[in-house]
Amino acid sequence: MNVKNNIKILDPCCGGKMFWFDKNNPNVLFGDIRKEEHILCDGRTLSISPDMLMDFTKLTFPDNRFKLVVFDPPHLNSLGENSWMAKKYGVLGDDWQNVIRDGFKECWRVLDKDGVLIFKWSDVDIKVADVLKLIEQKPLFGQRTMINNRTIWLCFMKIINTPALEQGRI
């Protein structure tokens with residue numbers, strides 16, 4: 001796929017695009033390492049149909065390419081490969097620390113100056129505090145969601161020049 005320069009948003013591990021209101025938003029480049037379809041345990045069809053196949057740990061885009069990156073990597077590592085949860089969300093392997101570290105670095109690299117990165121994590125298997133220890137950037141803010149309070153959305157911004165910081169006001 002020839003990626004048009006006017007696409008400003010990247011979702012490099014879109015899966016079934018479950019949180020997107022418009023699953024075909026023309027402003028978003030939907031990527032995933034998988035392209036597949038499954039029948040879930042309740043009979044619904046799960047379609048993972050990215051615009052482009054990609055590995056979020058090795059993105060092929062130039063630095064500073066996207067204004068917004070939505071990073072929602074697999075967050076479970078104790079599932080069987082054929083479980084419906086694995087099909088729906090993907091599975092991390094034993095080297096999950098390297099995968100998440102490398103994936104965040106790549107997402108940060110392709111994020112434009114003053115761009116925003118939204119990171120979604122569910123700390124069912126791996127605590128978000130353990131994930132944050134792996135990455136160099138610190139979130140600006142975040143919010144836990146869902147009934148069980150296990151999913152968290154974090155917002156990061158790639159701030160290059162901060163006058164308040166340079167002037168000692170922060």
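Scroll up to find the structure this text is about.
Enquirer: Please provide a residue-by-residue account of the side chain of Asp 11, values included.
Expert: The residue Asp 11 is located in strand β1 (residues 9-11) in this model. Lacking a salt bridge, the buried Asp 11 has Lys 17 as its closest oppositely charged neighbour, with an N-O distance of 8.3 Å. For Asp 11, the side chain forms a polar contact with the side chain of Trp 20, separated by 2.8 Å. Ignoring any residue separated from it by four or fewer positions in sequence, one finds Asp 11 in contact with Phe 19, Trp 20, Val 28, Leu 29, Phe 30, Gly 31 and Val 70.

Enquirer: Go over the packing of aromatic side chains with me, naming the residues and quoting the values.
Expert: This model, assessed by the stated rule, comprises eleven aromatic pairs. For the ring pair Phe 56 and Phe 71, a centre distance of 5.2 Å and an interplane angle of 70 degrees mean the geometry is edge-to-face. One end of the pair, Phe 56, is in the loop between β5 (52-53) and β6 (66-71); the other, Phe 71, is in strand β6, and 15 residues separate them in sequence. The same class applies to Phe 56 and to Phe 71, which are both buried. Of the aromatic side chains, those joined through ring pairs into one cluster are Phe 56, Phe 71, Phe 104, Trp 108, Phe 119, Trp 121 and Phe 156. Of note, Lys 17 hangs over the ring of Phe 30, and the distance from its end group to the ring centre comes to 4.3 Å. Here the guanidinium or amino end of Arg 65 rests over the ring plane of Phe 66, the centre of that ring lying 4.4 Å away.

Enquirer: Please give an account of unusual backbone geometry that cites residues and values.
Expert: Of note in this structure, Asn 64 is not a glycine but carries a positive phi near 60 degrees. When its relative accessible area of 27% is taken as the criterion, Asn 64 is described as partly exposed. The phi dihedral of Asp 114 falls on the positive side, at around 65 degrees, and the residue is not glycine. If you trace the backbone, Asp 114 turns up in strand β7 (residues 111-122). On the basis of relative accessible area, Asp 114 is assigned to the partly exposed category, the value being 47%.

Enquirer: Describe the pattern of salt bridges, with residues and values.
Expert: All told, the structure shown has eleven salt bridges when counted by the stated rule. Between Arg 34 and Glu 36 there is a salt bridge, with the nearest N and O atoms lying 3.4 Å from each other. Of the residues examined, Arg 34 reaches a relative accessible area of 15% and is grouped as buried. The exposure class assigned to Glu 36 is partly exposed, which follows from its relative accessible area of 30%. Asp 42 is the partner of Arg 44 in a salt bridge, and the nearest nitrogen-oxygen pair spans 2.6 Å. Relative accessible area serves as the criterion here: at 45%, Asp 42 is assigned to the partly exposed category. Linked through salt bridges whose partners overlap, the residues forming this network are Asp 32, Arg 34 and Glu 36.

Conventions adopted
Residues numbered from 1 in each chain as written. Predicted model: local features only at pLDDT ≥ 70, side-chain atom pairs only at ≥ 80, totals over all residues. Heavy atoms only, no water. Helix = DSSP H or I, 4+ residues; strand = E, 2+ residues; numbered from the N terminus. Buried < 20%, exposed > 50% of the residue type's maximum accessible area, 1.4 Å probe, protein only. Lys, Arg positive; Asp, Glu negative; His and termini not counted. Salt bridge = Lys/Arg side-chain N within 4 Å of Asp/Glu carboxyl O. Polar contact = N/O pair within 3.5 Å; in protein donor to acceptor, adjacent residues only side chain to side chain. Contact = heavy atoms within 4.5 Å. Phe/Tyr/Trp six-rings, centres within 6.5 Å; stacked < 30°, edge-to-face > 60°. Lys NZ or Arg CZ within 6 Å of the ring centre and 35° of its normal.

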